[in-house]
Amino acid sequence: GLEAWYIDSSDEDHRMPHKLSPNQPVSLEELQKLGVFHWKLNADIYETDPELEQIRKDQGYSYMDIITIRKDTLPNYEEKLKMFFEEHLHLDDEIRYILDGHAYFDVRDKEDRWIRIATTKGDLITLPAGIYHRFTLDTNNYTKAMRLFVGGPVWKAYNRPADDFDIRKKYLAFLQAS
Ligand code: KMT
Ligand code: NI
């Protein structure tokens with residue numbers, strides 16, 4: 001499965017793992033309680049994968065595009081990565097399928113502590129609408145990811161604090177219940 005852990009509070013290079021010592025791992029079950037879900041797929045066949053097709057059909061992931069995050073291919077690379085690493089939420093689920101490379105998704109737990117989720121080739125991860133999160137590459141500085149949406153894409157990110165949105169209240173109610 002997916003590897004996840006609580007991170008330290010150091011501001012040094014955020015592309016490093018930032019594990020606590022001793023490491024404090026987070027299980028898939030704990031992530032599910034936060035509304036984070038995961039599938040492992042065969043990214044070598046993403047263009048024709050029936051398993052991916054089935055997930056897209058079941059979940060209604062009608063939209064998809066592919067982003068390659070690397071200095072020489074992504075316009076405004078530095079600026080975009082800076083935005084991705086600002087703590088934010090969205091009004092829709094963030095659904096990402098890592099086709100190549102590595103990426104960290106950081107999410108807040110119920111006590112507002114950061115959990116780092118390490119994703120690599122074949123990981124399809126969904127972050128629920130309303131969860132505070134951020135994104136960074138690791139020290140390999142490269143990832144290629146499919147971005148999926150139910151309906152049309154909504155890229156807008158609301159930086160924290162964004163507590164007055166209905167979606168945030170809805171997410172907090174879900175957390176209470178889970
Ligand atoms: C976001 O909103 O955090 C992102 O889109 C992350 C980068 S896409 C792999
Ligand atoms: Ni996001």
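Residues numbered from 1 in each chain as written. Chains lettered and ligands numbered in written order. Predicted model: local features only at pLDDT ≥ 70, side-chain atom pairs only at ≥ 80, totals over all residues.

Selection criterion: UniProt positions are given in the numbering used here, feature names are shortened, and annotations may be inferred rather than shown by experiment.
An unreviewed UniProt entry annotates the protein chain as Acireductone dioxygenase of Myripristis murdjan. In the Pathway (unreviewed entry) part of its UniProt record, the protein chain is described as follows: "Amino-acid biosynthesis; L-methionine biosynthesis via salvage pathway; L-methionine from S-methyl-5-thio-alpha-D-ribose 1-phosphate: step 5/6." In UniProt, the protein chain has this text filed under Subunit (unreviewed entry): "Monomer."

1. A look at the nonpolar core
Operational definition: A set of buried residues drawn from Ala, Val, Leu, Ile, Met, Phe, Trp, Tyr and Cys, joined through C-beta atoms within 7 Å, is what defines a nonpolar core. To sort residues by burial, count the other C-beta atoms lying within 10 Å of each one's C-beta; a count of 20 or more means buried, 12 or fewer means exposed, and anything in between means partly exposed. C-beta atoms are built from the backbone. Numbering of helices and strands runs from the N terminus; a helix is a DSSP stretch of H or I covering at least four residues, while a strand is a stretch of E covering at least two.
Counting 29 residues, the largest nonpolar core has A103, F105, V107 and I117 as the members making the most contacts within it. Sorting the residues of this core by element identifies β5 (94-108), β6 (114-120), β7 (123-127) and β9 (143-149) as the ones contributing at least two each. If you tally residues by element for this core, the top one is β5, at eight residues.

2. Notes on the site of ligand 1
The condition is simple: To decide whether a residue is near a molecule or strand, its C-beta atom is placed from the backbone and checked for lying within 6 Å of it. Each residue receives one of three labels: charged for Asp, Glu, Lys and Arg, nonpolar for Ala, Val, Leu, Ile, Met, Phe, Trp, Tyr, Cys and Pro, and polar for the others, Gly being one of them.
Within the structure, ligand 1 sits among I67, F84, E94, R96, A103, F135, A145, R147 and A157. If you list the elements that add at least two residues to the shell around ligand 1, you get β5 and β9. The element best represented in the shell around ligand 1 is β5, accounting for three residues. The residue makeup of the shell around ligand 1, split by class, is six nonpolar, no polar and three charged.

3. Regarding the UniProt feature "binding site: Fe(2+)" (unreviewed entry) in the protein chain
So the rule is basically this: This entry defines residue contacts through backbone-placed C-beta atoms, with two residues in contact when those atoms are within 7 Å.
Following the UniProt record, one finds the feature "binding site: Fe(2+)" (unreviewed entry) at H88, H90, E94 and H133. In summary, the annotated positions, though distributed over 46 residues, converge in three dimensions, the widest C-alpha pair being only 11.3 Å. Structurally, the position occupied by E94 is in strand β5. By the C-beta count within 10 Å, which is 22 here, E94 ends up buried. Looking at where H133 falls in the secondary structure, it is placed in strand β8 (residues 133-136). Exposure remark for H133: the 23 C-beta atoms within 10 Å place this residue in the buried category. Beyond its immediate sequence surroundings of up to four residues, H133 is in contact with F105, D106, V107 and L127.

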